[in-house]
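# Summary of structural features
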Amino acid sequence: MELMNWIIKPFDKFMIWLGSTVFNTTVFGIKLGYIVIYVGTIYMVFTLVDAVYDKGFDAGVESITK
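The residue count restarts for each chain, going from 1 along the sequence in the order it is written. With pLDDT at 70 or above as the cut-off, local features in this predicted model cover only qualifying residues; side-chain atom pairs require 80 or more to be listed or tallied, and sums for whole chains, interfaces and linings still use all residues. Water and hydrogen atoms were dropped before computing side-chain values, which therefore reflect all heavy atoms in the structure.

### Section: the packing of aromatic side chains
Stacked, tilted and edge-to-face are the three classes assigned to paired rings of Phe, Tyr and Trp, where Trp is represented by its six-membered ring and a pair needs centres within 6.5 Å; plane angles under 30 degrees give stacked, over 60 edge-to-face, the rest tilted. Taken as a whole and assessed by the stated rule, the structure comprises three aromatic pairs. Aromatic side chains F23 and Y34 sit 5.5 Å apart centroid to centroid with 80° between the ring planes, which places their arrangement in the edge-to-face category. With F23 in helix α1 (residues 2–24) and Y34 in helix α2 (residues 32–65), this residue pair connects regions lying 11 residues apart in the sequence. Taking relative accessible area as the criterion, Y34 reaches 52% and is therefore assigned exposed. Elements are defined by DSSP. Helices are runs of H or I of four residues or more, strands are runs of E of two residues or more, and each kind is numbered from the N terminus. Each residue is placed in one exposure class: buried if its accessible area under a 1.4 Å probe, protein chains only, is under 20% of its type's maximum, exposed if it is over 50%, and partly exposed if it falls in between.

Shown next, in the form of structure tokens:
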């Protein structure tokens, strides 16, 4: 257990530093963390919408061609 703590602790400290740095850095007055969250959310939504659309389109094509 001590070995795992020895491996994980620097990673935890790095993640805390990275998070505080990202959320304290601004680009044109907008915090970089919020930009990352916004872009990630938009990418995820568009990916899911595209997958649902493709599935529905394929089902529609299959129902017409049968």
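### Details of the environment of F11
Inspection of the secondary structure assignment puts F11 in helix α1. On the accessibility criterion, F11 (49% relative accessible area) is partly exposed. Spatially, the C-alpha atom of F11 lies 23 Å from that of K31, the residues being 20 residues apart in sequence.

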